[in-house]
Amino acid sequence: MVQFRFPRCCSRCLAEDPTKSFEVETESLEQPAEGKTVIATYTTEVPVCDKCHARFTRVSYLNWVLGSIGSLAVAGLVVYFKPTILRNDAGIPIGLGILVAVGFLGAIAWAIARNLNQEYFNWRLVRYDSRQLRLVFGNKDYQALFDEANG
Ligand SMILES: [Zn+2]
C-alpha cells in the first residue's frame, strides 16, 4: 500500500498533536485477472487524539458485545429449529462438543463484530479506496488537509 503523509492533527476532531493511532480495516473487491474476483483487506493506521481513541475503543468493544449477542441468537435459532443437535447420538466427548460449540459461536461473534466495525469506522473515520489509491476520511476538513499534504 502507498505510504501517506498524515497532517499532525486528529483525523476525527482535528485536535492538535494527536498521541494515538487507530487501525481501520477496509475490504474491497478486486479483479487481479479477467473473470477473477478476490476480496482484499487493507489496514490503515490514522492519527487520533486521546478522546477519540477512547471513544472508538468503546465502540469496537460494543460491537463485540453485539456480535456475542448475535451469535447467541444464532445458536438459539439452531437449537429451536433443530433440537436434535443437542442429542449426542455419535457419542462425542462432552468436552469436545463444548469446544466446538464455543469455537463456532466465537467465529460468528467475530464475523459480526468485524462487519460492524468496518461499517462504522469506514464511514466515520477512514477507508482505503484501492481504485484511486487514496484514503477517504469521514471528516471532510481532515480530508482537505490530507489531500493538501499528499497532493
Ligand atoms: Zn479527536
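Residues numbered from 1 in each chain as written. Predicted model: local features only at pLDDT ≥ 70, side-chain atom pairs only at ≥ 80, totals over all residues.

S.K.: Would you explain the nonpolar core in this entry?
M.R.: Note on soluble globular proteins: their nonpolar side chains tend to be buried together. Membership of the largest hydrophobic core comes to 16 residues, with the highest contact counts inside it found for Phe22, Val24, Val46, Val48, Leu125 and Val126. When residues no more than four places from it in sequence are discounted, the contact partners of Val24 are Thr44, Val46, Phe121, Asn122, Leu125 and Val126. (Core = buried A, V, L, I, M, F, W, Y, C linked by C-beta atoms within 7 Å. Buried ≥ 20, exposed ≤ 12 C-beta atoms within 10 Å, placed from the backbone. Contact = placed C-beta atoms within 7 Å.)

S.K.: Please explain the confidence of the model for the protein chain as it appears in this structure.
M.R.: Regions with low pLDDT carry predicted coordinates that are not meant to be interpreted in detail. Chain-level pLDDT for the protein chain is 92 on average; 99% of the residues reach the 70-or-more range. Predicted confidence in the protein chain is weakest over strand β1 (residues 20-33), with a mean pLDDT of 91, and strongest over helix α3 (residues 140-150), with 96. (pLDDT = per-residue confidence, 0-100. Helix = DSSP H or I, 4+ residues; strand = E, 2+ residues; numbered from the N terminus.)

S.K.: Could you clarify how one ought to interpret helix α2 (residues 94-124) in this entry?
M.R.: For the α-helix, the turn length of 3.6 residues means that residues three or four positions removed from each other point alike. With 31 residues, α2 extends 44 Å between its outermost C-alpha atoms, agreeing within 8% with the 45 Å of an ideal straight helix rising 1.5 Å per residue. Turning to α2, its buried residues are Ala109, Ile112, Ala113 and Phe121. (Expected span 1.5 Å × (residues − 1).)

S.K.: Help me understand unusual backbone geometry in this model?
M.R.: Excluding glycine, residues mostly have negative phi values, and the peptide bonds linking residues are mostly trans. Its identity is not glycine, yet Asp17 carries a phi of approximately 50°, on the positive side. Relative to the assigned elements, Asp17 resides in the segment before β1. Asp17 gets classed as exposed once you count the C-beta atoms within 10 Å, which come to 9. Of note in this structure, Leu133 is not a glycine but carries a positive phi near 50°. The topology assignment puts Leu133 in the loop between β3 (126-129) and β4 (134-137). With 10 C-beta atoms packed within 10 Å, Leu133 lands in the exposed category.

S.K.: Any chance you could explain the environment of Ala113 here in plain terms?
M.R.: Residue placement: Ala113 occurs in helix α2. Remark: the alpha-carbon pair of Ala113 and Trp64, spanning 49 residues in sequence, is separated by 4.9 Å. Residues in contact with Ala113, not counting those within four places in the same chain, are Asn63, Trp64 and Gly67.

S.K.: Teacher, can you tell me more about the pairing of β1 here?
M.R.: If a strand is regular, its side chains alternate between the two faces of the sheet. Inspection of the sheet shows β1 paired to strand β2 (residues 36-48) by twelve bridges, in the antiparallel sense. Each bridged residue has a counterpart across the sheet, and for Leu29 the counterpart in β2 is Ile39. In this structure, the hairpin formed by β1 and β2 is closed by a connection of two residues, where Gly35 is found at a positive phi of approximately 75°. (Pairing = 2+ DSSP bridges.)

S.K.: Looking at this model, I keep getting lost on the environment of Arg127. Mind explaining?
M.R.: Among the secondary structure elements, Arg127 is positioned in strand β3. Residue Arg127 is classed as buried on the basis of its C-beta count, with 21 C-beta atoms lying within 10 Å. As a C-alpha pair, Arg127 and Thr26 span 101 residues in sequence and 5.7 Å in three-dimensional space. Excluding its chain neighbours within four sequence positions, the residues that come into contact with Arg127 are Thr26, Asn122 and Val136.

S.K.: Would you explain the packing of helix α1 (residues 50-81) against α2 in this entry?
M.R.: Packed helix pairs are characterised by how far apart their axes lie and by the angle those axes make with each other. As a packed pair, α1 and α2 sit with axes 7 Å apart at the nearest point and diverge in direction by 135°. When the interaxial angle is binned, α1 and α2 end up oblique. Here α1 runs over α2; the crossing is right-handed. Every residue of α2 that contacts α1 at Val59, Ser60, Asn63, Trp64, Leu66, Gly67, Ser68, Gly70, Ser71, Val74 and Ala75 is listed here: Leu105, Ile108, Ala109, Trp110, Ile112, Ala113, Leu116, Asn117 and Tyr120. When the residues that make up the contact of α1 with α2 are grouped by side-chain class, the tally is 13 nonpolar, seven polar and no charged. (Axes fitted to C-alpha atoms, helices over the stretch in contact; angles between N-to-C directions. Parallel < 35°, antiparallel > 145°, perpendicular 65-115°, else oblique. Left-handed = near helix turned anticlockwise from the far one by under 90°. Nonpolar A, V, L, I, M, F, W, Y, C, P; charged D, E, K, R; others polar.)

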